[in-house]
Amino acid sequence: MSKTNSATFSLINDATGEKFAMPVLDGSVGPSVIDVRRLYTQTGHFTYDPGYTSTGSCESALTYIDGDAGVLLHRGYRIEDLAEQSSFLEVAYLLLYGDLPNGGERDKFVHDITYHTMLHEQLINFYRGFRRDAHPMAIMCGVVGALSSFYHDSTDINDPHARMVASYRLIAKMPTIAAMAYKYSIGQPFNYPQNDLSFSENFLYMLFAVPAEQYEVNPVLAKAMDRLLILHADHEQNASTSTVRLAGSSGANPFACMAAGIASLWGPAHGGANEAVLNMLNEVGHKDNIGSYVKKAKDKDDPFRLMGFGHRVYKNYDPRAKVMMQSCHEVLEDLGVDDPLLELAMEFEKIAREDEYFIERNLYPNVDFYSGIILKAMGFPSDMFTVLFAVARTVGWIAQWKEMIEDPTQKIGRPRQLYTGPTERPYVPINNRK
Ligand code: CMC
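Residues numbered from 1 in each chain as written. Predicted model: local features only at pLDDT ≥ 70, side-chain atom pairs only at ≥ 80, totals over all residues. Heavy atoms only, no water.

1. A short note on the sheet that holds strand β3 (residues 33–34)
Threshold: When DSSP locates at least two bridges between a pair of strands, those strands are taken to pair. The helix count covers DSSP runs of H or I at least four residues long, the strand count covers runs of E at least two residues long, and both are numbered beginning at the N terminus.
Spatial ordering of the open sheet is given by β1-β2-β3, a layout of three strands whose pairing is antiparallel. In the strand order of this sheet, the two ends are held by β1 (4–12) and β3, each with one partner. Strand direction decides the pairing type here: strand β2 (residues 19–26) and β3, joined by two bridges, are antiparallel. By the bridge assignment, V24 is partnered in β3 with I34.

2. Quick word on the site of the ligand
Operational definition: We call a residue near a molecule or strand when any one of its heavy atoms sits within 4 Å of it. Between N or O atoms, a polar contact is any pair within 3.5 Å; within protein, one atom must be a potential hydrogen donor and the other a potential acceptor, and residues adjacent in sequence are included only when both atoms are from side chains. Note on areas: Shrake-Rupley, 1.4 Å probe, and residue coverage restricted to the protein chains presented here. Only Asp, Glu, Lys and Arg are considered charged in this grouping, and only Ala, Val, Leu, Ile, Met, Phe, Trp, Tyr, Cys and Pro are considered nonpolar; every other residue, Gly among them, is considered polar.
Taken together, 20 residues surround the ligand, and among them H270, R305, L306, G308 and R312 come closest. At 3.1 Å, a backbone N or O of A269 approaches a nitrogen atom of the ligand. Interatomic distance of 2.9 Å between a side-chain N/O atom of R361 and an oxygen atom of the ligand. Here the ligand loses 76% of its free accessible area of 940 Å² to cover by the protein chains. Considering only residue class, the shell around the ligand consists of nine nonpolar, six polar and five charged.

3. Looking at the packing of aromatic side chains
Put simply, the rule reads: Each pair of aromatic rings taken from Phe, Tyr and Trp, with Trp reduced to its six-membered ring, is defined by centres within 6.5 Å and is described as stacked if the planes are under 30 degrees apart, edge-to-face if over 60, and tilted in the remaining cases. Summary of the burial criterion: residues with accessible area below 20% of their type's maximum are buried, those above 50% are exposed, and those between are partly exposed, where the area comes from a 1.4 Å probe applied to protein chains only. Placement of a positive charge over a ring is assigned whenever Lys NZ or Arg CZ falls within 6 Å of the ring centre and within 35 degrees of the normal to the ring plane.
What the rule picks out here adds up to 18 aromatic pairs. Ring geometry for Y182 against F208: centres 6.0 Å apart, planes inclined by 70°, an arrangement best described as edge-to-face. Highlighted residues: Y182 in helix α7 (residues 160–186) and F208 in helix α8 (residues 199–208), separated in sequence by 26 residues. Residue F208 is classed as partly exposed on the basis of its relative accessible area, which comes to 22%. Through pairs of rings, three or more aromatic residues link up here, namely F309, Y357, F358, F369 and Y370. Note that R132 overlies the ring of Y184, its terminal NZ or CZ placed 4.1 Å from the centroid.

4. Some remarks on the pairing of strand β5 (residues 71–74)
The two faces of β5 match: V71 and L73 on one face and L72 and H74 on the other face are all buried. Here four bridges tie strand β4 (residues 63–66) to β5, and the two strands are oriented antiparallel to one another. When the bridges of β5 are listed, D66 appears paired with V71. Once β4 ends, the chain turns through four residues before running back antiparallel as β5, passing G70 with a positive phi of about 70°.

5. Focus: the pattern of salt bridges
This is how the line gets drawn: Any carboxyl oxygen of Asp or Glu within 4 Å of a side-chain nitrogen of Lys or Arg constitutes a salt bridge here.
Counting across every chain of the model gives 17 salt bridges. Note that D35 is salt-bridged to R37, the shortest N-O span being 2.8 Å. Exposure remark for D35: the relative accessible area of 14% places this residue in the buried category. Residue R37 is classed as exposed on the basis of its relative accessible area, which comes to 60%. With its nearest N and O atoms 2.6 Å apart, the salt bridge here joins D112 to K108. A residue pair is termed a helical-turn pair when its members lie 3 or 4 positions apart in one helix, as D112 and K108 do in helix α4 (residues 103–114) at four residues. Through salt bridges with shared partners, a single network forms among E84, R227 and E330.

6. Digging into the pairing of β1
Where β1 lies against β2, eight bridges are found, and the strand directions are antiparallel. Across the sheet, the residue bridging to I12 is K19, located in β2. Once β1 ends, the chain turns through six residues before running back antiparallel as β2, passing G17 with a positive phi of about 80°.

7. Some thoughts on the nonpolar core
Here is a general trend for soluble globular proteins: nonpolar side chains tend to be buried in one another's company. Quick reminder of the rule: Definition of nonpolar core: a set of buried residues of the types Ala, Val, Leu, Ile, Met, Phe, Trp, Tyr and Cys, connected through side-chain atoms within 4.5 Å. Pairs of residues are marked as contacts when any of their non-hydrogen atoms sit within 4.5 Å.
Ranked by size, the top nonpolar core spans 125 residues in total, and within it Y127 and F348 carry the most contacts. Apart from the residues lying within four places of it in its own chain, the contact partners of F348 are M280, L281, V284, I290, Y293, V294, L306 and F369.

8. As for the packing of helix α17 (residues 368–378) against helix α18 (residues 385–405)
Relative placement of two packed helices is described by the angle separating their axes and the distance separating the axes. So the rule is basically this: Under this scheme, a helix contributes an axis fitted over its contacting stretch, all axes are lines through C-alpha atoms, and angles between N-to-C directions fall in the 0 to 180 degree range. Should an angle lie under 35 degrees it is considered roughly parallel, over 145 roughly antiparallel, and from 65 to 115 roughly perpendicular; all remaining angles are considered oblique.
Interaxial distance between α17 and α18 falls to 10 Å at its minimum, and their mutual angle equals 110°. Between α17 and α18, the angle is such that the two are roughly perpendicular. Here D368, G372, L375 and K376 of α17 come into contact with α18, specifically with F385, L388 and F389. Across the contact of α17 with α18, the residue classes break down as four nonpolar, one polar and two charged.

9. Description of the sheet that holds β4
On the basis of which strands lie adjacent, the open sheet formed by three strands has the order β4-β5-β6 and antiparallel pairing. With partners counted over all chains shown, the strands left at the sheet margins are β4 and β6 (77–78), one partner each. By the bridge criterion, two bridges tie β5 to β6 in an arrangement that is antiparallel. Across the sheet, H74 pairs through a bridge with Y77, a residue of β6.

10. Some words on a nonpolar patch on the surface
Let me state the cut-off plainly: Two joining distances apply to patches: 9 Å for like charges and 5 Å for nonpolar side chains (Val, Leu, Ile, Met, Phe, Trp, Tyr), and every residue must have over 30% relative accessible area and no salt bridge.
Together, F9, I34 and V36 give the surface a local cluster of nonpolar side chains, amounting to about 230 Å² of exposed area. Mapping I34 onto the fold places it in strand β3. The class of I34 is partly exposed, set by a relative accessible area of 36%.

Structure (structure tokens):
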């Protein structure tokens, strides 16, 4: 549904008494927005909103979040339904094209993605330039950025066919790049993709198979991986997606934009939180210590935050976290793993959710709180967690990038500022400086 214009919003300059009317725009669902695009030309003022807590940066038809109700929809479908009934590639199709594919469309899409999973052989040389102990996210930033030097035929952002080829290449090659980053870090040979496996099965194969042994993909783990990828596929205008859009708004090619997104995702306040959760749980060690960590998290003089708790948009339980917790139980049960960290995490959640500080601020577990426990049980070291998030989010990044490029109102992103530095002053020659 397109946007409509329902009302105006008035702004009064108290100093001059002048009144300015600004249009109010309504989307298909969710809060209306005040259209401030003509504010500066009309009033000579900018808005000031560090962290963009009250700013809508674009029009989008991909993902809707109702943070108060704890609802997440992709193209109108609930995340819980997609996680239960769909597959990652179906969700990728949905995000790219706007609707779920029919049987024929799905088969063609799966085929096309599958036949783009191999990397240019020369890219493998890039890995050898990294230290063995490099963080895999550092390798991801470098190798994904380098893709634009290999696939010149899909960097013309004004060509719709080239845009689609770049999108398919990114979705298809990201698992191969991620698996190679992992294999490089543990000194094992790289595995080439296997086209007879599904997207998630192939990803597990490339990560965990070794040439000396037969590798049987565990269907429970393949299902859990697929679900994890669905849960992380897109999440509206978060930091990394906004980074991709901002980088892309200058006309940069999509491979370079994805590298920018990966860099933004790496931080512990965003995609790095799942790694930080596991590190935190390991540090806490025993449930008797939870109280002192909760106390630290509440102390305003201590920078420590409870990792995996809180969200800019959700002021209710993150719907992805609910599915993740259920998946966590399924995986641990199938593998016969009795991880004391799961019990510790559940106890943490219980204590924090009964605490006035967390209740008042609506701080609930987010998607990252339980994902690390599943990934650890599946055999991933914690520094790979954010890499998996990047593999999944590539779908959201590329779909949002494509939507932006195809938006006729798109302009280069260029925020302004509240300047508080020195006003103009004469240059002081070096001999006259104190
Ligand atoms: N532990 C303790 N206090 C917290 C936490 C936390 N995890 N999160 C927020 N608060 C407090 C914060 O100190 C503030 O208190 P006060 O009002 O007294 O100043 C209040 O809650 C509001 O927090 P905020 O920093 O204004 O909220 P924000 O929207 O800027 O930050 C956040 C959102 C996700 C960065 C933050 O909640 C956080 O740092 N959480 C831990 C990191 C984390 O789990 N990140 C993953 C996010 S979900 C995955 C993703 O989308 O990337």
